[in-house]
Structure formats: structure tokens, C-alpha cells
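# Structural overview for review
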Amino acid sequence: VAALDFAAFRTQVAARHPVARQAELLEARASAEVLAAKGPLWDPVLTGAWTRKAFAEAGYYNYVDAALKMPTPVGVEFKLGYERAAGRFVNPDRLTPPDGLWVASVSIPIGQGMLTDARRNALAQARGLQDVATAERQAVVNKLLFAAAKDYAAWYEAWRRRAVAREGLELADVRYRFVQRRFEDGDAAAIDTVEAGLERQRRLVAALEADNDWFGTTQVISTYLWDERAVPFDLAPGVVPTLAGLA
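This report concerns the structure included in the present document. Residue positions within a chain follow its written sequence, with the count starting from 1. Only residues with pLDDT of at least 70 get local features here, since the model is predicted, and only at 80 or more are side-chain atom pairs given and counted; chain-wide, interface and lining totals rely on the full set of residues. Values shown for side chains rest on all heavy atoms present in the structure; no hydrogens or waters enter the calculation.

## Side note on the overall build of the protein
- Elements are defined by DSSP. Helices are runs of H or I of four residues or more, strands are runs of E of two residues or more, and each kind is numbered from the N terminus. Summing up its helical and strand segments, the protein has four helices and six strands in all.
- Reading the protein from its N terminus to its C terminus gives the helix and strand order β-α-α-β-β-β-β-α-α-β.
- With a 1.4 Å probe rolled over the protein chains alone, any residue whose accessible area is under 20% of its type maximum counts as buried; one over 50% counts as exposed, and the rest are partly exposed. Of all 247 residues assigned to the protein, the portion counted as buried reaches 25%.
- Pairs at least 24 residues apart make up 64% of the contacts formed inside the protein by residues separated by at least 6 positions.
- Surface summary for the protein: the accessible area is close to 16,400 Å², and the carbon and sulfur share equals 59%. Contacts were defined at the residue level, with two residues in contact if any of their heavy atoms lie within 4.5 Å. Reported accessibility uses the Shrake-Rupley method at a 1.4 Å probe radius. Residues are deemed covered only where the shown protein chains occlude them.

This is the structure in C-alpha cells:
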């Protein structure tokens, strides 16, 4: 007889159930927002510009300006740049040696900006939302798994009750046939066969009710089962619960 143990059932629900998958998307989106907020803070920025003006084969000016900016989480920004200016009409404040000029600088925010700014606020908010999303995801998944565990317990109980009811019916049937034979042999009264028959009928009703409960709980368990493509499927016939995985 095939069995679906509780540990495998719980793992499958946590990994494939649409509610669990949707909860994972909330956390993944929050993580993506954190990465997006980190970009302006920590990612190096490379810039470059080339401005040239010429008329009648005369070079008025030729400016080259390139820089690498490296922000840091604390707000300090390092800059390494290269500037070169050439031509007949170069602006005096942009004059450089013939080979160009390397520039290095450090930018330090003063006052309140040294502790916080818009970009770091955005990162802090994104991280806060990530924590909220993680907590919400865990709450949603925990609620789903709790419901699944309760329904699995009901399924297991229905299976055990069904087994006990069937065994009781078998015993009642054996007893009825035994009393019937004793009556035919003259060793039992007719009332004994009536009582044995009534008991067998009660056991039959109990077995039918147990079968109905078993069918209903099996259908409930099937609602938790989804494959890797998010397509629902039913339990295969004959699959029963087992608590072996909890040992």
C-alpha cells in the first residue's frame, strides 16, 4: 500500500502550494527593492564627456572630462578623474597641462547629510519593507502549514477509524454466522440470531460512515497537492497516511 507520510506532505505544501509561492514572491520583490536601493549608494559610477568646437579648420577648443565616482554606505564619495583641454580658445579656468590632468577628490557631507540622505533613507525603507515582507511571508506560510497539518491529522484519524470500523464489521459478521450456525444446530435461540444481526447492521452503518469520512478527508488533502508547474492533482487510489516520518 502506497503511503504519504506527514513530512513529505508538509514539504510539498510549503514548496508548491500557490499560497506559499505567492508569499515567496512578496519576499523576493522586497529583496529586489533592497538591491535597487543599494545601487545608487554603493555602485561605482563612470562618467565621460568630450566637447569639441572647430570652425574653418581652426580648433577653438577640445575638452575631455572623465571620472570614476565611488560612493560608500556612510555617505563619503571618492572621485578619480582625468581632464584635458586643448585649443586656441580654451577657457582659462579649464587649462590643463598638454598631457592632461589627473584629479582625485573626497566628498564628505557635513551636518545632517553625513548621517542620512535621500538615498540612504530609501535603502533603510527598502530594508524595513523587506523585514515586513519576510514576517508576512512567514505568517502566511505558517497559517497554511497549520491548516494543512490539521487536515492531515483529520485524514489520518479518518483512516484509522475506517480500519477499526471495517475490522468491527468483519468481527460482527463472523459472530453472526457463528450464532446462525448454533441456531441451526439447536444450541442458540432465535433471539440470539436477531441480536447478532442487529449488531452486524450497526457495524455496517458505522463502516459506511467511516468510508464517507475517509473519502471527504481524502478530497481535502488533495486540495493541498500541486505539482512543480502549479497544476493541482489528486491522490492516487490506495494512498494512505502514515506518521512514520515523525518518529
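## What to know about the nonpolar core
- What we call a nonpolar core is a set of buried Ala, Val, Leu, Ile, Met, Phe, Trp, Tyr and Cys residues that are connected through their side-chain atoms within 4.5 Å. Residues F9, V13, W155 and L235 are the most contacted members of the largest nonpolar core, which totals 20 residues.
- Put simply, the parts of the chain that give this core at least two residues each are α1 (6–16), α2 (18–42), α3 (118–185) and α4 (190–222).
- With seven residues, the top contributor of residues to this core is α3.
- Every residue in contact with V13, bar those within four places of it in the chain, is listed here: A20, L144, L145, A148 and Y224.

## Here's the deal with the side chain of H17
- Relative to the assigned elements, H17 resides in the loop between α1 and α2.
- Apart from the residues lying within four places of it in its own chain, the contact partners of H17 are Q12, L144, T223, Y224 and W226.

## A few points about the pattern of salt bridges
- Any carboxyl oxygen of Asp or Glu within 4 Å of a side-chain nitrogen of Lys or Arg constitutes a salt bridge here. Using the criterion set out here, one finds nine salt bridges in the structure.
- Between R16 and E228 there is a salt bridge whose closest N-O contact spans 3.6 Å. Here the residue R16 occupies a position in helix α1, and E228 occupies one in the loop between α4 and β6 (240–242), the gap between them amounting to 212 residues.
- A relative accessible area of 26% places R16 in the partly exposed class.
- The salt bridge partner of R202 is E199, with a shortest N-O separation of 2.5 Å. Within this pair, R202 and its partner E199 are both found in helix α4, separated by three residues, close to a single helical turn.

## Section: the environment of W159
- By the element assignment, W159 lies in helix α3.
- Assessed through its relative accessible area of 22%, W159 is described here as partly exposed.
- Here the alpha-carbon distance between W159 and W214, two residues 55 residues apart in the chain, equals 5.9 Å.
- Setting aside residues up to four positions removed in sequence, W159 forms contacts with W214, V240 and P241.

## Some words on a nonpolar patch on the surface
- For patch building, the residue pool is restricted to those with more than 30% relative accessible area and no salt bridge; the joining distance is 9 Å between like charges and 5 Å between nonpolar side chains (Val, Leu, Ile, Met, Phe, Trp, Tyr). A cluster of nonpolar side chains, M70, F78 and V106, forms an exposed patch at the surface whose accessible area comes to about 250 Å².
- Checked against the element boundaries, M70 lands in strand β3 (residues 58–71).

## Comments concerning the packing of aromatic side chains
- Here the aromatic set is Phe, Tyr and Trp, taking the six-membered ring for Trp, and pairing holds for ring centres within 6.5 Å; pairs whose planes are under 30 degrees apart are stacked, those over 60 apart are edge-to-face, and all others are tilted. Taken as a whole, this structure holds seven aromatic pairs when the rule is applied.
- Seen from their ring centres, Y152 and W155 are 5.4 Å apart, and the 75° between their planes marks the pair as edge-to-face. A residue pair is termed a helical-turn pair when its members lie 3 or 4 positions apart in one helix, as Y152 and W155 do in helix α3 at three residues. The same class applies to Y152 as to W155, namely buried.
- Measuring from centroid to centroid gives 5.7 Å for W155 and W214, while their planes differ by 10°, and the two rings are stacked. Of this pair, W155 sits in helix α3 while W214 is found in helix α4, placing the two residues 59 residues apart along the sequence. We note that W155, like W214, is buried.
- Note that R160 overlies the ring of W159, its terminal NZ or CZ placed 5.5 Å from the centroid.
- In this scheme, Lys NZ or Arg CZ marks a charge over a ring once it lies within 6 Å of the ring centre and within 35 degrees of the ring normal. Cation over ring: R200 sits above Y176, and NZ or CZ is 4.1 Å from the ring centre.

## Focus on α4
- With 33 residues, α4 should reach 48 Å at 1.5 Å per residue; the first-to-last C-alpha distance of 48 Å fits that figure.
- Listing the buried residues of α4 in full gives T193, A196, G197, A207, A210, W214, T217, T218, I221 and S222. A helix's residues, less one, multiplied by 1.5 Å, set its expected span.

## Some details on the side chain of D227
- Inspection of the secondary structure assignment puts D227 in the loop between α4 and β6.
- When its relative accessible area of 12% is taken as the criterion, D227 is described as buried.
- Side-chain atoms alone can form a polar contact between residues adjacent in sequence; in general such a contact is a pair of N or O atoms within 3.5 Å, and within protein one must be able to donate a hydrogen while the other accepts it. Side-chain polar atoms of D227 contact the backbone nitrogen of R229, separated by 2.9 Å.
- Side-chain polar atoms of D227 contact the backbone nitrogen of V231, separated by 2.8 Å.
- Sequence-distant contacts of D227, that is, excluding residues within four places in its chain, are made with R16, R21 and F233.

These figures come from the coordinates and say nothing about function on their own.
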